[in-house]
Amino acid sequence: MLHFGEYLRQARLSQGLTMQELAERLEVSPQFISLLESTKRHPSDKLVQRAARLFEEDLNYLRFLAQPIPEAQKRALFESPSAPDYIPQSMRTNIMVQDTDDALMESLLRAPALPDPEEDTIYHFGVNVEVSDAELAVPRSLIDQMRNDPERFPLKMQAWADFYEAYYDRHAGGRAAALDGFAKLCDRMATETGEAYPQRLRYLAVLHHALCHHEGDDAASARRLYTQALEYAAAVDDPAGQACALWHISSLDCAEGDTIRMIETLHKALRIKDIPPFALARCRTDAVTGYLALWRNEDVIAGANETIKLWRSSTLPGPQDDKSLCLIQMEVSAFEAALRMDREEEARNWLSRVRSMRVRIELPDLQEGQLSAATGTLLIGRDRLTQAKKHPNAALRLTLPDDDDGNHLRVTCQRLLADIAVLERRPVDAEALLRDTERTPALNSAVRELDRQGQVAFAWVALHRAQDSADAVNTTLDGLEETIKSVVADDKRIGDTPLVAHLYERIGEMRDAAAA
């Protein structure tokens, strides 16, 4: 980052500000902000001062970026051992990206058709890329030279060759095919002199070793290696690398069913200084999903509004379809949160926004099902039962995954259909639907399992009330209270969540209604 305009754009996106909002805070026009960000204009010193106050940045650093001097001079100062203190550590000569012999070797080994290894991750929406033998002919010949005459090449160059050989295997045969190659390289770098290897290589090797274990369902090894990658990135003040490692750790938290720890891990990532806009969007998106599971509904809507601005930015990297799906995920989450808070008009606005996006992209079955379930909830609230039942039925016909997301959605749809059956005075159908929910296995996440049990219990209570069975109502509510106490006893963190408060509130309302 050598220009004030580049800094301004990154700072604006990191805070989720539009050009109009930033212009108002800096007391200039949006057009001038656009010219600044495209480096077509230089700011006045007063504007630089306002930007320093707004983004809590060192004024001398911003003044330096605003100077109209050649890039080469700025870069030379960044790379100088005597660089002023106001130059951030991440902008000085960085051993993760410095242009040295090993960096040149890396550029020779990298096949143009393959993605940058730093971005070939789950976090970056990475996918397998097929590469022909012809495209790998030149880098493989270079690897063969090193194998045949290792005396001519330094250890770090040989290590880059080992890394890319494993990386080629990863794209030819999947991550499992690359596991041994990355493991051997990491073991060698851990036992030999650390200074012999560039930090970027150490980070990438450990990261891809972790990804191999992650895909192979070895969560313990993946977590240990992601943590090591995080340490390497933090050691050289690389915010993008730190966020990438933490996001992957949070995905392990989610897979292990610890929603609260997942959110805590994502919050660590969001507190990284100079976190890039893509990292901000990626981590906020998953945090919002966690808020929804905990019934932190206001946080869902606030987080969705902030994150949608980022995903809409044309400068944010990543495949457009994946970015659009993340944006829709935020809109569907906000739609559901608004329904929970009985804010129907706001919910309908979110639904309209989702529908406008659906014409541009086909939703995966899970997201389509979540949207259908929320739409059914909206229509039940408006007493449009005939239309309402079509949506959960449509969701149940989709191919849903056999995981927490899919099973939670199945139960939600069955519960909605049971609610409709009660309202239509079809108690036999309602009971059959609720019996069907018992066939769904317990969810891995204690929070989501508690929410599932709460949904089903409240649906049973509605049925028992329709049948004038006060004893059955109280028995069901007593059972739910015991379940809540048991879950909180196992994990006291859950006791402080809005989900538990919501469940107790609903239990109280239902007891009062039964007693009336």
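Our subject is the structure listed above.
Summarised in this report is the structure supplied together with it. (Residues numbered from 1 in each chain as written. Predicted model: local features only at pLDDT ≥ 70, side-chain atom pairs only at ≥ 80, totals over all residues. Heavy atoms only, no water.)

## Some points on the overall build of the protein
Put simply, the rule is: Secondary structure is summarised from DSSP: a helix means a run of H or I of at least four residues, a strand means a run of E of at least two, and numbering begins at the N terminus for each. Residue burial is assigned from relative accessible area. The probe radius is 1.4 Å, only protein chains are included, and a residue is buried under 20% of its type maximum, exposed over 50%, and partly exposed in between. A contact between two residues is defined here by any heavy atoms of the two lying within 4.5 Å. Surface exposure here means Shrake-Rupley accessible area, sampled with a 1.4 Å probe, where a residue is shielded only by the protein chains that are shown. Charge counting treats Lys and Arg as positive and Asp and Glu as negative, with His and both chain ends excluded. Charge placement uses NZ in Lys and CZ in Arg. For Asp and Glu, CG and CD serve respectively.
Summing up its helical and strand segments, the protein has 25 helices and zero strands in all. A principal-axis box enclosing the C-alpha atoms of the protein has dimensions of 85 × 60 × 45 Å. Across the 516 residues of the protein, 50% fall into the buried class. In the protein, 64% of the contacts between residues at least 6 apart in sequence involve partners at least 24 apart. Accessible area for the protein stands at about 24,400 Å²; split by element, carbon and sulfur atoms hold 48% of it. Distance between charge centroids for the protein: 5 Å, based on 61 positive and 83 negative side chains.

## Comments concerning the pattern of salt bridges
For clarity, the threshold we go by: Think of a salt bridge as a Lys or Arg side-chain nitrogen and an Asp or Glu carboxyl oxygen that are within 4 Å of each other.
Per the counting criterion, the structure on display carries 40 salt bridges. Here E424 and K389 are joined by a salt bridge, their closest N and O atoms 3.0 Å apart. One end of the pair, E424, is in the loop between α21 (404-423) and α22 (427-437); the other, K389, is in helix α20 (residues 385-396), and 35 residues separate them in sequence. A relative accessible area of 25% means that E424 is categorised as partly exposed. Two residues, D429 and R426, come together in a salt bridge whose shortest N-O distance is 2.7 Å.

## With respect to the side chain of H209
Position of H209 relative to the elements: it lies in helix α11 (residues 199-215). The residues contacting H209, other than those within four sequence positions of it, are L179, F182, A183, C186 and L225.

## Section: unusual backbone geometry
Positive phi, close to 60°, is recorded for T39, a residue that is not glycine. Along the polypeptide, T39 turns up in the loop between α3 (30-37) and α4 (45-55). Of the residues examined, T39 reaches a relative accessible area of 38% and is grouped as partly exposed. Look at E56: it is not a glycine, yet its phi comes out positive at around 55°. By the element assignment, E56 lies in the loop between α4 and α5 (59-66). Judged by relative accessible area, E56 falls into the exposed class, the value being 71%.

## With respect to the nonpolar core
Buried together is how nonpolar side chains tend to be arranged in soluble globular proteins. Here is the rule we go by: Grouping buried Ala, Val, Leu, Ile, Met, Phe, Trp, Tyr and Cys residues that are joined through side-chain atoms within 4.5 Å yields what is termed a nonpolar core.
Counting residues in each nonpolar core, the largest one holds 111 residues, and the members touching the most others are F163 and F335. For this core, the leading source of residues is helix α17 (residues 320-340), giving eleven residues. The residues contacting F335, other than those within four sequence positions of it, are A347, W350, L351, L371, A374, T375 and L378. Counting residues in each nonpolar core, the second largest holds 21 residues, with A11, L17, Y61 and L65 among its members.

## Overview of the packing of α11 against helix α13 (residues 239-255)
Rules: Every axis corresponds to a line fitted to the C-alpha atoms, with the helix fit spanning only the stretch in contact, and the corresponding angles, defined between N-to-C directions, vary from 0 to 180 degrees. Working rule for angles: under 35 degrees goes down as roughly parallel, over 145 as roughly antiparallel, 65 to 115 as roughly perpendicular, anything else as oblique. Take the far helix as your reference; a near helix turned counterclockwise from it by less than a right angle gives a left-handed crossing, and one turned clockwise gives a right-handed crossing. Under the grouping applied here, Gly and all other residues not named as nonpolar or charged are polar, the nonpolar ones being Ala, Val, Leu, Ile, Met, Phe, Trp, Tyr, Cys and Pro and the charged ones Asp, Glu, Lys and Arg.
Two elements in contact, α11 and α13, have axes whose closest approach is 12 Å; the angle formed by their N-to-C orientations is 15°. Put simply, α11 runs roughly parallel to α13. By crossing handedness, the relation of α11 to α13 is classed as left-handed. When α11 is examined against α13, the residues Y203, L207, L211 and H214 are found in contact with a partner set consisting of G241, C244, H248, S251 and L252. Tallied by class, the residues present in the contact of α11 with α13 amount to five nonpolar, four polar and no charged.

## Re α20
Residues three or four positions apart in an α-helix share a direction because the helix packs 3.6 residues into each turn. Applied cut-off: Take the residue count of a helix, subtract one, and multiply by 1.5 Å to get its expected span. Arc definition: it is the arc formed by the directions from the helix axis to the C-beta atoms.
End to end, α20 covers 17 Å across twelve residues, agreeing with the expected 16 Å (1.5 Å per residue, within 8%). Within the span of α20, buried status applies to L385, A388, P392 and A395. Seen along its axis, α20 keeps its buried residues to an arc of 90°; they face one direction. In α20, the exposed positions that point more than 90 degrees away from the buried face belong to T386 and K390. Structurally, α20 contributes buried residues whose contacts are with α19 (365-381) and α21.

## Some words on the environment of E345
Residue position: E345 is located in helix α18 (residues 344-358). Separated by 77 residues in sequence, E345 and V422 place their C-alpha atoms 26 Å apart.

## Observations concerning the state of the cysteines
To keep things clear, this is the line we draw: Disulfides are defined in this document as cysteine sulfur pairs within 2.5 Å.
Under the criterion given, the structure shown has zero disulfides. Just so you know, C254 is unpaired, no disulfide at all, and the nearest cysteine sulfur is the one on C283, 13 Å from it.

## Comments concerning the packing of helix α8 (residues 137-148) against helix α9 (residues 155-173)
Where α8 contacts α9, the two axes come as close as 10 Å, and the packing angle between them is 135°. The orientation of α8 relative to α9 falls into the category oblique. The way α8 lies across α9 gives a crossing that is left-handed. Across the interface between the two elements, P139, R140, I143, M146 and R147 of α8 pack against M157, Q158, A161, D162, E165, Y168 and D169 of α9.

## What to know about the environment of P319
When you line up the elements, P319 lands in the loop between α16 (297-311) and α17. Taking relative accessible area as the criterion, P319 reaches 36% and is therefore assigned partly exposed.

## Some points on the packing of aromatic side chains
Rule in force here: Aromatic pairing here means that ring centres of Phe, Tyr or Trp (its six-membered ring) are within 6.5 Å. Orientation follows from the plane angle: under 30 degrees is stacked, over 60 is edge-to-face, and everything else is tilted.
Tallied over the entire structure, the rule returns 14 aromatic pairs. Note on Y7 and Y61: the rings are 6.3 Å apart at their centroids and 90° apart in plane angle, and the pair reads as edge-to-face. Taken together, the positions of Y7 in helix α1 (residues 4-14) and Y61 in helix α5 put the pair 54 residues apart, joining distant regions of the chain. Pair check on accessibility: Y7 and Y61 agree, each one buried. Consider the rings of Y164 and Y167, whose centres lie 6.0 Å apart with planes at 90°: the pair is edge-to-face.

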